[in-house]
Amino acid sequence: MTAILSRYKKQCSFIGIALAVVLFAVYLHALFQQGLWHRDAFLYKQDNGSYIGSDMLADYKMSIEQTDDGTDILFSVNDETKHYNIIYDLENMAQKVKVLENNELIFEGNAHRMGEEYILMDDDFNMADEIVIYVDGQPLNEKNLFPGYTKLYNWAVSNEHDIRGNPAMLIIILISVVILLLDIKCPDLFWLLEHGLDVDGGEPSDWYRFGQKAGRIITIAVIIICIITTFTTR
């Protein structure tokens, strides 16, 4: 009977480890999905080079194509699509910029580098983008769901992509997993590290064992919270 229980525990442990490895692989795949952030929506890069994403307000689609004088961007919010021509010359240090929306000139000015990104200003140093007013966390009208001109320009001139998740959470998860595995594999390890030099012999009390079990539950909860937080923060 003891041998059967032992074999059953080993099988459960093997299944648990295999399931954990598969879930961790899925988590890593989701974490490092490439795309671009637009407001609170992550636009996933597709195999054909387009981008698709959504949030509570709308579904978004985008395609980016380089042209001889800049970049063309098609951006859709639900069923409405706008065609942007971003005209620029990166070899020109002044970086003059024109933005056309559906073939109508809507901005002409300059791109100014601010850290890793650019901001667009006209010749009077006014910002290219209008201020978006939010009510209960939502923009006042649907046109504000479209990207601003500065965002469009940064997408146009950058070859870099965002990743879906927050990698900082991965570090916390890995540390928590290591602590949990060590505590399960060597139940007296942390007791010895804390008290081993203070006593000669002895063993953990029932109260310590109770706290140890509670600590494992808390550690598992931390791992779950970090997994969720991975995809809700950036």
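Residues numbered from 1 in each chain as written. Predicted model: local features only at pLDDT ≥ 70, side-chain atom pairs only at ≥ 80, totals over all residues. Heavy atoms only, no water.

Asks: Can you help me understand the overall build of the protein in this one?
Replies: Looking only at helices and strands, the protein features 5 helices and 12 strands. Across the 234 residues of the protein, 29% fall into the buried class. In the protein, the share of contacts with a sequence separation of at least 24, taken over all contacts with a separation of at least 6, comes to 42%. In the form shown here, the protein has an accessible surface area of approximately 15,900 Å², with 59% of it arising from carbon and sulfur atoms. (Helix = DSSP H or I, 4+ residues; strand = E, 2+ residues; numbered from the N terminus. Buried < 20%, exposed > 50% of the residue type's maximum accessible area, 1.4 Å probe, protein only. Contact = heavy atoms within 4.5 Å. Areas by Shrake-Rupley, 256 points an atom, 1.4 Å probe, with all protein chains shown as cover.)

Asks: How do you make sense of the side chain of Gln212 when you look at a structure like this?
Replies: If you trace the backbone, Gln212 turns up in helix α5 (residues 206–230). What makes Gln212 buried here is its relative accessible area of 10%.

Asks: Is there a simple way to explain a nonpolar patch on the surface in this structure?
Replies: A cluster of nonpolar side chains, Ile171, Ile175 and Ile179, forms an exposed patch at the surface whose accessible area comes to about 280 Å². With respect to the element layout, Ile175 can be found in helix α3 (residues 167–185). (Patch = residues over 30% accessible without salt bridge, like charges linked within 9 Å, V, L, I, M, F, W, Y side chains within 5 Å. Salt bridge = Lys/Arg side-chain N within 4 Å of Asp/Glu carboxyl O.)

Asks: Mind showing me how you'd approach the packing of α3 against α5 here?
Replies: Helix-helix packing: each pair is described by the crossing angle between the helix axes and the interaxial distance. Where α3 contacts α5, the two axes come as close as 9 Å, and the packing angle between them is 160°. Here α5 runs roughly antiparallel to α3, going by the angle between their axes. Note on packing geometry: the crossing formed by α3 with α5 is left-handed. Between α3 and α5, the contacting residues are Met169, Ile172, Ile173, Ser176, Val177, Leu180, Asp183 and Ile184 on the first element and Gln212, Arg216, Thr219, Ile220, Val222, Ile223, Cys226, Ile227, Thr229 and Thr230 on the second. (Axes fitted to C-alpha atoms, helices over the stretch in contact; angles between N-to-C directions. Parallel < 35°, antiparallel > 145°, perpendicular 65-115°, else oblique. Left-handed = near helix turned anticlockwise from the far one by under 90°.)

Asks: What exactly am I supposed to notice about the packing of aromatic side chains here?
Replies: A ring pair, where both rings are aromatic, is described by two values, the distance of the centres and the angle of the planes. Counting across every chain of the model gives 10 aromatic pairs. Members of the aromatic cluster, joined through ring pairs, are Tyr60, Phe75, Phe146 and Trp155. Its guanidinium or amino end placed over the ring of Phe146, Lys82 lies 4.3 Å from that ring's centre, counting from NZ or CZ. Above the face of the Trp37 ring, Arg234 is positioned so that its terminal group lies 4.2 Å from the ring centre. (Phe/Tyr/Trp six-rings, centres within 6.5 Å; stacked < 30°, edge-to-face > 60°. Lys NZ or Arg CZ within 6 Å of the ring centre and 35° of its normal.)

Coordinates in, geometry out; function isn't part of it.
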